Amino acid sequence: MKFLVFYCMVFFSSLSFAQLPSDDTPLNEIRILASHNSYKKRPHHKVLRFLKKFQDKLGEQNNPNFIDYGHLPFSEQFDNYGIRGIELDVNYDPKGGHYKRRRINLFLFGQRQRVKGGALKKPGFKILHISDVDFETNYLTLKSALEALKSWSDLHSDHFPIYINLEAKGSHPADESKTLKRLGFKRCIPFDQKAFLDLEQEISAILTPSQIFKPSDFKKNYSTLQERVVAEGWPLLEELRGRFIFILEGSNNHIYRAFVSPMFFQYGNQSDANTVFLLRNNAVASETEIRELTSQFIVRTRSDAGSVESRANNYDTWNAALRSGAQIISTDYYKADERWSSYKVGFTNGFFEIVRP
C-alpha cells in the first residue's frame, strides 16, 4: 500500500512538472493549444439543413459543413482542456441594434428572428461569426466575453498568459450579395480609427491595466519590438502570469496601423520591425518556414479547419503543426465530435509543451 501511495505521488508530481514550464522560460519556448472562433456554438440544425439545400449555389468555399462546430464556455476550455489562446470576432455596433435580428430564421418555421433580452440593442461590440447565418454564441457581446475572462483570471491569478486573437470583422454575406441585403441581411459596419479606440476603451473598462500585457511592456526602452527580441530575447513567463495578450488579425489592420495605440499586438510581416507574432495557418505548406521563424517570432498555425480533419479522422495537419515548432496551435477539436469520428488534439505530456527554437 505504501508503495502504491509513493508511486502515485511520483506520477502526479511528474505530470505537474510536465504541465508547468518554469518561470524563467521565455514565452517563445512554450507551445500552447488555442481554440478557433472560441465563442461559437454549433448552428441550429434547421439552419444547417436549410443551407445544405442550396449547397450547389453557395459554392465549395461556403460549404455548410465548414461552420458545423462549436465550443464550450471559456472556463471549461481553460480548466478541462488546457486552452490558453482564444479567438474573438468583434463586430462594430456603435449605436446598438444592428445585429438584433437573425434574418435566416425568416425562412425557418419556429425559429425566432429576434434575440430575447436587450443585450443586442445596446451600443457596443457584438460577438458573432457570420451575421444572419452563423450567429449562435456563448457570448453575445464583447463585454460579456471579457467579464467571463476576468472572472476566470481573478480566480487563477498566476495563470499562464492567455492569447486573445481579435478579428475586427470587415464583411458579412450582405456585403457580397445585393439580394441578401434587400432581404434584410445586415452589412458589416466598417472599422475606422474611432472603432479601434472604442474597442480599446471597452476592453479597458473590464480588465485592469495589470491584466493586459501591452506592446510597450514588451518593447521597454527599445525602439522596436524586434530590437528588444534581438537584444534580450522574449519576456519570461514570470513577467506574464495572470495577463492577457491581445493580437489583432483580419483585413482591417491597416487602419489600426495608421495610428499609435498602446494595447494591441498585430499579426504582420516579419519585415515590419514592430511585428513579433506571425500567422501561418497552413501547417502542412508552411512547416519548414515556421521552423525557421520561431527563434525570433511566435507563430500561430492551425491543426484543422472547417471540420474537414475531424470528419476524416485525419491527423496529418496536426502532426505537421507539431513538427513545425509553432508556439500557438489553434483547433476546433480539443474535444472530439463523436457524430463522425474520434478526432481530437492535445499534448501528451500535459497542457503545455516546451519547444526549443
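The model shown is predicted, which means the values in this text are computed figures rather than measured ones.

Peer 1: In this structure, what is going on with the overall build of the protein? I would like to understand it.
Peer 2: The helix and strand inventory of the protein stands at 15 helices and 10 strands. Pairs at least 24 residues apart make up 74% of the contacts formed inside the protein by residues separated by at least 6 positions. Summed over its atoms, the accessible surface of the protein is roughly 16,900 Å², and 53% of this surface lies on carbon and sulfur atoms.

Peer 1: How do you make sense of the nonpolar core when you look at a structure like this?
Peer 2: It is characteristic of soluble globular proteins that their nonpolar side chains tend to be buried jointly. Among the nonpolar cores identified, the biggest contains 45 residues, and L166, L199, I203 and F246 are the most heavily contacted of them. At 5 residues, helix α5 (residues 142–155) tops the list of elements feeding residues into this core. Not counting residues within four places of it along the chain, the set of residues in contact with L166 comprises L88, V90, L199, I203, F246, I247, L248, E249 and F264. Counting residues in each nonpolar core, the second largest holds 22 residues, with I30, W234, F277 and F352 among its members.

Peer 1: How should I be thinking about the side chain of R102 in this particular structure?
Peer 2: Looking at the secondary structure, you find R102 in the loop between β2 (83–91) and β3 (126–127). Residue class for R102 comes out buried when judged on its relative accessible area of 13%.

Peer 1: What is the right way to read the packing of aromatic side chains from this model?
Peer 2: Aromatic ring pairs are reported here in terms of the distance separating the ring centres and the angle at which the planes meet. Enumeration over the complete set of coordinates arrives at 22 aromatic pairs. Ring centres of Y81 and Y334 lie 5.1 Å apart, and the angle between their planes is 50 degrees; this geometry places the pair in the tilted category. Here Y334 lies in the loop between β9 (328–331) and β10 (353–354) and Y81 lies in helix α4 (residues 74–81), a separation of 253 residues in the sequence. With a relative accessible area of 27%, Y81 lands in the partly exposed category. Geometry around W340 places R311 over its ring, the cationic atom sitting 3.8 Å from the centre.

Peer 1: Please clarify how the pattern of salt bridges should be interpreted in this entry.
Peer 2: A pair can form between side chains of opposite charge whenever their charged atoms are brought close. Summed over the entire model, instances satisfying the criterion amount to 21 salt bridges. With its nearest N and O atoms 3.8 Å apart, the salt bridge here joins E87 to R300. Here E87, found in strand β2, pairs with R300, found in strand β8 (residues 298–302); they are 213 residues apart in sequence, far enough to count as distant. For the pair formed by E87 and R300, the shared burial category is buried. Three or more residues are tied together by salt bridges with common partners; here these are R42, D68, R311, D337 and R339.

Peer 1: Would you explain a nonpolar patch on the surface in this entry?
Peer 2: Together, L106, F107 and L183 give the surface a local cluster of nonpolar side chains, amounting to about 240 Å² of exposed area. As for its position among the elements, F107 is in the loop between β2 and β3. On the accessibility criterion, F107 (38% relative accessible area) is partly exposed.

Peer 1: Got a minute to help me understand the environment of T224 in this structure?
Peer 2: You can see T224 is positioned in the loop between α9 (215–219) and α10 (225–232). Owing to a relative accessible area of 16%, T224 belongs among the buried residues under this scheme. Between the C-alpha atom of T224 and that of D272, which follows or precedes it by 48 residues, the distance is 9.4 Å. Leaving out residues up to four positions away in the same chain, T224 has contacts with K219, A273 and N274.

Cut-offs applied
- Residues numbered from 1 in each chain as written.
- Predicted model: local features only at pLDDT ≥ 70, side-chain atom pairs only at ≥ 80, totals over all residues.
- Heavy atoms only, no water.
- Helix = DSSP H or I, 4+ residues; strand = E, 2+ residues; numbered from the N terminus.
- Contact = heavy atoms within 4.5 Å.
- Areas by Shrake-Rupley, 256 points an atom, 1.4 Å probe, with all protein chains shown as cover.
- Core = buried A, V, L, I, M, F, W, Y, C linked by side-chain atoms within 4.5 Å.
- Buried < 20%, exposed > 50% of the residue type's maximum accessible area, 1.4 Å probe, protein only.
- Phe/Tyr/Trp six-rings, centres within 6.5 Å; stacked < 30°, edge-to-face > 60°.
- Lys NZ or Arg CZ within 6 Å of the ring centre and 35° of its normal.
- Salt bridge = Lys/Arg side-chain N within 4 Å of Asp/Glu carboxyl O.
- Patch = residues over 30% accessible without salt bridge, like charges linked within 9 Å, V, L, I, M, F, W, Y side chains within 5 Å.

The values are spatial; any link to function lies outside them.
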